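# Understanding the architecture of this molecule
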Amino acid sequence: MFEAKIALDAVGDEPSWFVFRGDELLVREDNPSSATPWRGALPRELAAREALTLGLLDGRPAFACVAPDDAVAPTGAVFSPLRPLHARLSASAFDAASLASQLVYFARHYRYCARCAQPLAPIENSRARVCTGCKHEWYPRVSPCAIVLVYDGDRVLMTRQPRYPAGMYGLVAGFVEPNESVEACATREAFEECGARLQNVRYFGSQPWSFPHQLMVGFVAEFAGGELVIDRGELEDARWFHRDALPLLPPPVSIARKMIDAWVRREL
Ligand SMILES: [Zn+2]
C-alpha cells in the first residue's frame with residue numbers, strides 16, 4: 001500500500017528510494033519481482049542532494065531524488081523509463097513511482113522564479129517551492145485533460161496520434177483550456193478533432209498520468225451526429241470501430257483502456 005504524505009514524522013531505516021536520472025527510474029535488475037525500485041542506503045554517487053518525501057510505501061518511508069545526468073546505475077540495477085515498469089512493479093510501488101516522477105520533474109524543470117529569475121528553494125511540509133528573491137510560491141503543475149469514449153450503438157469513435165505504436169488507436173482527448181469545465185473540454189475536443197457532436201456526457205472517473213503531469217478525467221458520451229472530419233494537425237487518423245473488431249488498444253494501465261474494456265463488457 002502506498003500512502004502519499006508531504007512530511008514524515010520519523011524516518012526509519014531502510015527507506016525506499018525512487019532515483020530518477022532524467023525521466024528514467026533506478027530499478028534493481030537482479031530482483032525483477034521486487035516491489036520497490038531501491039531499498040536501503042543509496043550508493044554514494046547517487047546520494048540525494050535533496051530528498052523529496054513521497055510518503056509511506058508498505059509502511060516504510062519512501063523518498064525520491066534526482067541523480068546527475070551522467071549517473072551510472074550501480075551493479076545489478078538499471079535506469080528504466082517509467083511506463084514499462086507498470087507491468088513489473090507492484091501497483092503501490094508504481095503509484096509511488098508516478099508521484100516521484102512528477103515531483104522530480106518539478107524539481108528539475110522549475111528551478112528559477114518565472115517572475116524574477118531568482119533560484120527556487122524547497123519549503124518544509126509543502127510540495128511548493130519558494131522564490132529566494134520575491135518569495136512567490138510555485139506549486140507543481142497538474143494539467144487536466146478530458147478523455148471521452150464516444151459510442152454510437154455498437155461502434156466506438158477512436159483516434160490515432162502519430163506517436164502511437166503501429167496499429168494502436170485511443171480515445172478523443174485534449175487539454176482543458178483556461179476557464180473551461182472538463183465536460184465542455186470533452187465536447188469541444190470531440191468536435192474539433194473529429195467533427196462529432198455529443199449528448200448524454202457522463203463522468204467515468206479520473207487518473208493521474210505522470211507523463212509528465214496530466215490528470216486524465218474520463219467521460220462516456222453518445223454520438224449525437226456530425227460528419228467525421230479529422231483534425232490532421234492533431235491526429236493521424238480517426239474512425240469508427242465495431243465492438244467486435246477493435247484495433248490494438250492502449251495499455252491496461254491507461255484510463256482509455258479501462259473505459260474501452262468497460263464499454264466492451266457493456267457496463268457503460
Ligand atoms: Zn521571484
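This report concerns the structure included in the present document. None of the values given here were measured: they were computed from a predicted structure.

Turning next to the overall build of the protein chain. For the protein chain, the count of helices and strands is 3 helices and 15 strands. Each principal axis of the C-alpha atoms in the protein chain carries an extent, and together these give about 60 × 45 × 35 Å. Counting every position in the protein chain, which comprises 268 residues, the buried fraction comes to 46%. Looking at the protein chain alone, contacts between residues at least 24 apart form 64% of all its contacts between residues at least 6 apart. For the protein chain, the accessible area works out to roughly 13,700 Å², and carbon and sulfur atoms hold 51% of it. Counting 29 positive and 33 negative side-chain charges, the protein chain places the centres of these two groups 2 Å from one another.

With that settled, the discussion passes to the coordination of the zinc ion. Each donor-metal-donor angle would ideally measure 109.5 degrees in four-coordinate tetrahedral geometry, or 90 or 180 degrees in six-coordinate octahedral geometry. Taken together, Cys113 (SG), Cys116 (SG), Cys131 (SG) and Cys134 (SG) make up the full set of protein donors to the zinc ion, lying 2.3 Å away. Because the angles between the 4 donor atoms bound to the zinc ion fall within 94 to 120°, the donor set is best described as tetrahedral.

This part takes up the nonpolar core. Grouped together as the largest cluster of nonpolar side chains are 41 residues, with contacts concentrated most on Phe18, Leu25, Leu54, Ile147, Leu149 and Leu171. Residue-level mapping places this core at the junction of two domains, with at least three residues from each of domain 1 (2-109) and domain 2 (143-264). In this structure Ile147 touches Leu171, Val172, Ala173, Met216, Val217, Gly218, Phe219, Ile255, Ala256 and Met259, once residues within four positions along its chain are discounted. Counting residues in hydrophobic clusters, the runner-up holds 20 residues, among them Ala146, Val150, Phe219 and Ala221.

Right, let's get into the environment of Phe241. Take Phe241: it is sitting in strand S15 (residues 237-242). Assessed through its relative accessible area of 12%, Phe241 is described here as buried. As for Phe241 and Val156, which are separated by 85 residues in sequence, their C-alpha atoms are 5.4 Å apart. Setting aside anything within four residues of it in sequence, one finds Phe241 in contact with Asp154, Arg155, Val156, Met158, Tyr169, Leu246 and Pro247.

In this structure the tally under the stated criterion is 1 cavity of 30 Å³ or more. Computed from the structure, the largest cavity encloses a volume of approximately 30 Å³. Of the residues assigned to the lining of the largest cavity, the class counts are 4 nonpolar, 2 polar and 1 charged.

Calculation rules
- Residues numbered from 1 in each chain as written.
- Predicted model: local features only at pLDDT ≥ 70, side-chain atom pairs only at ≥ 80, totals over all residues.
- Heavy atoms only, no water.
- Helix = DSSP H or I, 4+ residues; strand = E, 2+ residues; numbered from the N terminus.
- Buried < 20%, exposed > 50% of the residue type's maximum accessible area, 1.4 Å probe, protein only.
- Contact = heavy atoms within 4.5 Å.
- Areas by Shrake-Rupley, 256 points an atom, 1.4 Å probe, with all protein chains shown as cover.
- Lys, Arg positive; Asp, Glu negative; His and termini not counted.
- Charge placed at Lys NZ, Arg CZ, Asp CG, Glu CD.
- Donors = N, O, S within 2.8 Å, 3.2 Å for Na, K, Ca; no water.
- Tetrahedral: all angles 85-135°; square planar, octahedral: opposite > 155°, others 65-115°.
- Core = buried A, V, L, I, M, F, W, Y, C linked by side-chain atoms within 4.5 Å.
- Domains from an automatic or database assignment.
- 1 Å grid on protein atoms, 1.4 Å probe; cavity = no way out; pocket = protein on both sides within 12 Å on 5 of 7 lines; lining within 4 Å.
- Points joined across faces, edges and corners; volume = space filled by probe spheres on them.
- Nonpolar A, V, L, I, M, F, W, Y, C, P; charged D, E, K, R; others polar.

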